[in-house]
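Results of the structural survey
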Amino acid sequence: MKPTAIADIDADAMLDQVRSWCSINTGTANLEGLARQLDVLEKAFSVLPCKIERVDPAPVTAVDADGCEVEKLHGQHFVLRVRPTANRRILLTGHMDTVFPKDHSFQELTWLEDGVLGGPGVADMKGGIAVMLHALMAFEASAGAGSLGYDVLLNSDEETGSLSSNGLIAEMARGKLAALTYEPAALPDGTLAHARGGSGNYSVIITGKSAHAGRNPDDGRNAIVAAADLAVRLKALHCPDISVNPAKIEGGSANNVVPDHAVLRFNIRPQSTEAAQAFERNLKTLLTSLESQHEVSAHTHGGVTRPPKPVDEKAQMLFDLVRECGAQLGQDIKWKSTGGVCDGNNIAAQGIPVVDTMGVRGGSIHSADEFLITESLAERAALSARVIQRLDEGAMS
């Protein structure tokens, strides 16, 4: 890399971009805000020698409180390609959306202390998008740039599981040498997330039979009771290999009516593919038993959308490369396993080595205390630029 390329990373410009981008609310359901964000990102990334396109979201359905399957709308996804015919290509991914809807109280940027900026999306992950962009700018300014190709995907729905972009992620990951994802570091000191468990979200729609709670209660089949029983049985499957979290029961009506409808929502976090498969078998057994004992019907919606992400030999090579590049820049890179999930899980499921916390140092994400350590913007951009340069030079071949 040209000696001045990393030194030329403009930390002030990065911070200005983050502040501007975070002024746009991009909660996953705010389609107008996401469209505005797409406009400004297209302009920002157009400095690269690239072709940019907008990809429509894949159809997604959800179950409403009445147990009906309804369409769930999402924003378009940003795709950028540089040197698409290159023999050696990598993938860089991030997301435009945040967990804060447009009516959330957390909308403003605030300096918490010198060098620490609070605000929605500053770390997760508009800061990460800035890191990605400026790393690529530094790489393109280097003398050797020209042989390595890369794709960039910024999706609009990562915070709700990437349901409308899972197919696109898989398509863009296939055949890549390696992938970098710009979620914030696992810890404020820059520690990377290593192995990850998986995640699945389910809704079980239970249909019973209504009756008068006073005149003929035994003629009814109480869907709420069946849902509560199922929640307890599901929680009994919780173990070190898989966590199970029954989260919400919806349904019922007046106190004098035996409820004939309920929806139970729950999340699982399998540590391995085998644990996820075993859970599916156990769930079928539970539902068969539930239907028989309570004389109700049960229908499931959802499943595992973030496969577990173990770290195999190829992935460890990429982690080692990131640590080596960090050492060259005076950064001490560590890693730890985590229970969180992200698009890195889906990339790894395609057999592609990925490091998925290449973004900024910060913390308290998904809360109104989210913060960014601003010096990490240029720091992490330099790290990524060096990693990309090493990949261009033949690392991981």
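Calculation notes
Residues numbered from 1 in each chain as written. Predicted model: local features only at pLDDT ≥ 70, side-chain atom pairs only at ≥ 80, totals over all residues. Heavy atoms only, no water. Helix = DSSP H or I, 4+ residues; strand = E, 2+ residues; numbered from the N terminus. Rg over C-alpha atoms; globule rule 2.2 N^0.38 Å. Buried < 20%, exposed > 50% of the residue type's maximum accessible area, 1.4 Å probe, protein only. Areas by Shrake-Rupley, 256 points an atom, 1.4 Å probe, with all protein chains shown as cover. Lys, Arg positive; Asp, Glu negative; His and termini not counted. Charge placed at Lys NZ, Arg CZ, Asp CG, Glu CD. Salt bridge = Lys/Arg side-chain N within 4 Å of Asp/Glu carboxyl O. Pairing = 2+ DSSP bridges. Polar contact = N/O pair within 3.5 Å; in protein donor to acceptor, adjacent residues only side chain to side chain. Contact = heavy atoms within 4.5 Å. Expected span 1.5 Å × (residues − 1). Arc of directions from axis to C-beta. Axes fitted to C-alpha atoms, helices over the stretch in contact; angles between N-to-C directions. Parallel < 35°, antiparallel > 145°, perpendicular 65-115°, else oblique. Left-handed = near helix turned anticlockwise from the far one by under 90°. Nonpolar A, V, L, I, M, F, W, Y, C, P; charged D, E, K, R; others polar. Core = buried A, V, L, I, M, F, W, Y, C linked by side-chain atoms within 4.5 Å.

1. Description of the overall build of the chain
- Within the chain, the secondary structure is distributed over 10 helices and 20 strands.
- Taking 2.2 N^0.38 as the reference for a compact globule, 397 residues should give roughly 21 Å; the C-alpha atoms of the chain span a radius of gyration of 23 Å, in line with that estimate.
- In terms of its C-alpha atoms, the chain occupies a principal-axis envelope of roughly 85 × 45 × 40 Å.
- Looking at the chain as a whole, 51% of its 397 residues qualify as buried.
- A total accessible area of about 16800 Å² is found for the chain, and carbon and sulfur atoms account for 50% of it.
- In the chain, the 36 positive side-chain charges and the 50 negative ones have mean positions that sit 3 Å from each other.

2. Here we look at the pattern of salt bridges
- Counting across every chain of the model gives 22 salt bridges.
- Here arginine 54 and aspartate 39 are joined by a salt bridge, their closest N and O atoms 2.4 Å apart. In this pair, arginine 54 is assigned in strand β1 (residues 51-55) and aspartate 39 in helix α3 (residues 31-45), connecting sequence segments 15 residues apart.
- Here arginine 54 falls in the partly exposed class, since its relative accessible area comes to 32%.
- One salt bridge in this structure joins arginine 390 and glutamate 324, with 2.8 Å as the shortest N-O distance. Pair noted here: arginine 390 is in helix α10 (residues 376-392) and glutamate 324 is in helix α8 (residues 313-328), with a separation of 66 residues, a long-range link.
- Given a relative accessible area of 17%, arginine 390 falls into the buried group.
- What makes glutamate 324 partly exposed here is its relative accessible area of 38%.

3. Observations concerning the sheet that holds strand β9 (residues 179-181)
- Overall, mixed pairing links the 6 strands, which are arranged β1-β4-β8-β5-β9-β18 in an open sheet. Of all strands in the sheet, those bounded by a partner on one side alone are β1 and β18 (354-355).
- In the sheet, β1 pairs with strand β4 (residues 77-82) via 5 bridges, with the strands oriented antiparallel. Following the sheet pairing, valine 55 is matched in β4 by histidine 77.

4. Quick look at the side chain of serine 162
- As for its position among the elements, serine 162 is in the loop between β8 (148-155) and α5 (166-173).
- For serine 162, a relative accessible area of 0% gives the class buried.
- Within the structure, serine 162 has its side chain in polar contact with the side chain of aspartate 343 (distance 2.5 Å).
- For serine 162, the residues in contact, after removing those within four places along its chain, are Asn155, Asp157, Ile169, Arg306 and Asp343.

5. A word on the side chain of threonine 26
- Summarising the element assignment, threonine 26 is placed in the loop between α2 (11-22) and α3.
- In this view, threonine 26 contacts Gly33, Leu34, Gln37, Met96, Asp97, Thr98 and Lys126; residues no more than four positions away in its chain are not counted.

6. Comments concerning helix α7 (residues 273-294)
- With 22 residues, α7 extends 31 Å between its outermost C-alpha atoms, agreeing within 8% with the 32 Å of an ideal straight helix rising 1.5 Å per residue.
- If you check which residues of α7 are buried, you get Ala275, Ala276, Phe279, Leu283, Leu286, Leu287, Leu290 and His294. Buried residues along α7 cover an arc of 110° about the axis, so they all sit on one side. The exposed set on the far side of α7, more than 90 degrees from its buried face, consists of Glu274, Arg281, Lys284, Thr285, Thr288 and Ser292.
- Buried residues along α7 sit against β11 (199-207), α6 (223-235), β13 (242-251), β15 (261-270) and β16 (297-306).
- Glutamate 295 sits one or two positions beyond α7 and adopts a positive phi of about 55°.

7. Observations concerning the packing of helix α4 (residues 126-140) against α10
- Close contact between α4 and α10 brings their axes to 8 Å; oriented N to C, the two are set at 50°. For the element pair α4 / α10, the angle class is oblique. Two packed elements cross with a definite hand, and for α4 against α10 that hand is right-handed. Residue-level inspection shows Gly127, Val131, His134, Ala135, Leu136, Ala138 and Phe139 of α4 in contact with α10, the latter providing Leu377, Arg380, Ala381, Ser384, Ala385, Ile388, Gln389 and Asp392.
- In terms of residue class, the contact of α4 with α10 is built from 9 nonpolar, 4 polar and 2 charged.

8. Overview of the nonpolar core
- Counting 61 residues, the largest nonpolar core has Phe45, Leu92, Tyr150, Val152, Leu154, Val387 and Leu391 as its most contacted members.
- Elements that contribute at least two residues to this core include exactly α2, α3, β4, β5 (88-95), α4, β8, α8 and α10.
- The contact partners of valine 152, leaving out residues within four places of it in the chain, are Phe78, Val79, Leu80, Leu92, Met132, Leu136 and Met172.
- Within the second largest apolar cluster, 22 residues are counted, among which are Ala227, Leu234, Val244 and Leu286.

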